[in-house]
Amino acid sequence: MLAPKKVKYRKSQKNLVTGKESRGCSLAFGDYGILALEPGRITARQIEAARVAVNRKMKRLGKLFIRIFPDHPVTKKPAETRMGKGKGAPEEWVAIIRPGRILYEVEGVDEALAREAFRLAGAKLPIRIRFVSRRDEL
């Protein structure tokens, strides 16, 4: 599972996800990709589940690029714990996503296969996505 090796602070505040993404908005590595249409948080498990779905559909044809990384810790308090006594321990890692961000890219496959693979990946993600291709950007 994806997680940072080292962080400056163990716990962080919840970020208010506003505005559109200014970086990571265009295809950089592959011919096809998926673009986030709404803001949200994607966990490391969801990123991995989508990766497995795409690779399983492509059957090792082409190459997959993951353009997001879960570097934001999410804390949780144990169940049935009284209020107070500080913030909970870090439980999982999430990637903060703004609209317009490219999440995954593929190269070396035809458009029909890429579209189907990304449809399966989109079912694993908690946000709405759109399929984009390099010829759309021209």
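If you're wondering where the values come from, they're calculated on a predicted model, not measured in any experiment. (Residues numbered from 1 in each chain as written. Predicted model: local features only at pLDDT ≥ 70, side-chain atom pairs only at ≥ 80, totals over all residues. Heavy atoms only, no water.)

> Just checking my understanding: could you explain the packing of helix α1 (residues 44–58) against helix α2 (residues 111–124) for this structure?
What describes two packed helices is the angle between their axes and the distance between those same axes. Remark: α1 packs on α2, axes separated minimally by 8 Å, with the N-to-C direction vectors making an angle of 155°. The pairing of α1 with α2 is recorded here as roughly antiparallel in orientation. Note that α1 runs across α2; the crossing there is right-handed. Residues Gln-46, Ala-49, Ala-50, Ala-53, Val-54, Lys-57 and Met-58 of α1 lie in contact with α2, whose contacting residues are Leu-113, Glu-116, Ala-117, Phe-118, Leu-120, Ala-121 and Lys-124. Residues of the contact of α1 with α2, tallied by class, amount to 10 nonpolar, 1 polar and 3 charged. (Axes fitted to C-alpha atoms, helices over the stretch in contact; angles between N-to-C directions. Helix = DSSP H or I, 4+ residues; strand = E, 2+ residues; numbered from the N terminus. Parallel < 35°, antiparallel > 145°, perpendicular 65-115°, else oblique. Left-handed = near helix turned anticlockwise from the far one by under 90°. Contact = heavy atoms within 4.5 Å. Nonpolar A, V, L, I, M, F, W, Y, C, P; charged D, E, K, R; others polar.)

> Which parts of the structure should I look at to understand α2?
Spacing of three or four residues puts side chains on the same side of an α-helix, whose turn is 3.6 residues. Here α2 is 14 residues long and its end C-alpha atoms lie 20 Å apart, about the 20 Å a rise of 1.5 Å per residue gives. Buried within α2 are the following residues: Glu-111, Leu-113, Ala-114, Ala-117, Phe-118, Ala-121 and Gly-122. The inward-facing, buried residues of α2 abut β1 (32–36), α1, β3 (63–66), β6 (102–107), β7 (129–133) and α3 (134–137). (Expected span 1.5 Å × (residues − 1). Buried < 20%, exposed > 50% of the residue type's maximum accessible area, 1.4 Å probe, protein only.)

> I'm lost on the packing of aromatic side chains in this one. Help?
For any pair of aromatic rings, geometry is given as the distance between the ring centres together with the angle between the planes. For the structure shown, the criterion picks out 3 aromatic pairs. Measuring from ring centre to ring centre gives 5.6 Å for Tyr-32 and Phe-131, while their planes differ by 20°; the resulting arrangement is stacked. Of this pair, Tyr-32 sits in strand β1 while Phe-131 sits in strand β7, placing them 99 residues apart in sequence. Comparing Tyr-32 with Phe-131, the two get one shared label, buried. Each ring, one from Phe-118 and one from Phe-131, has its centre 6.1 Å from the other, and the planes form 50°; the classification is tilted. Pair noted here: Phe-118 is in helix α2 and Phe-131 is in strand β7, with a separation of 13 residues, a long-range link. (Phe/Tyr/Trp six-rings, centres within 6.5 Å; stacked < 30°, edge-to-face > 60°.)

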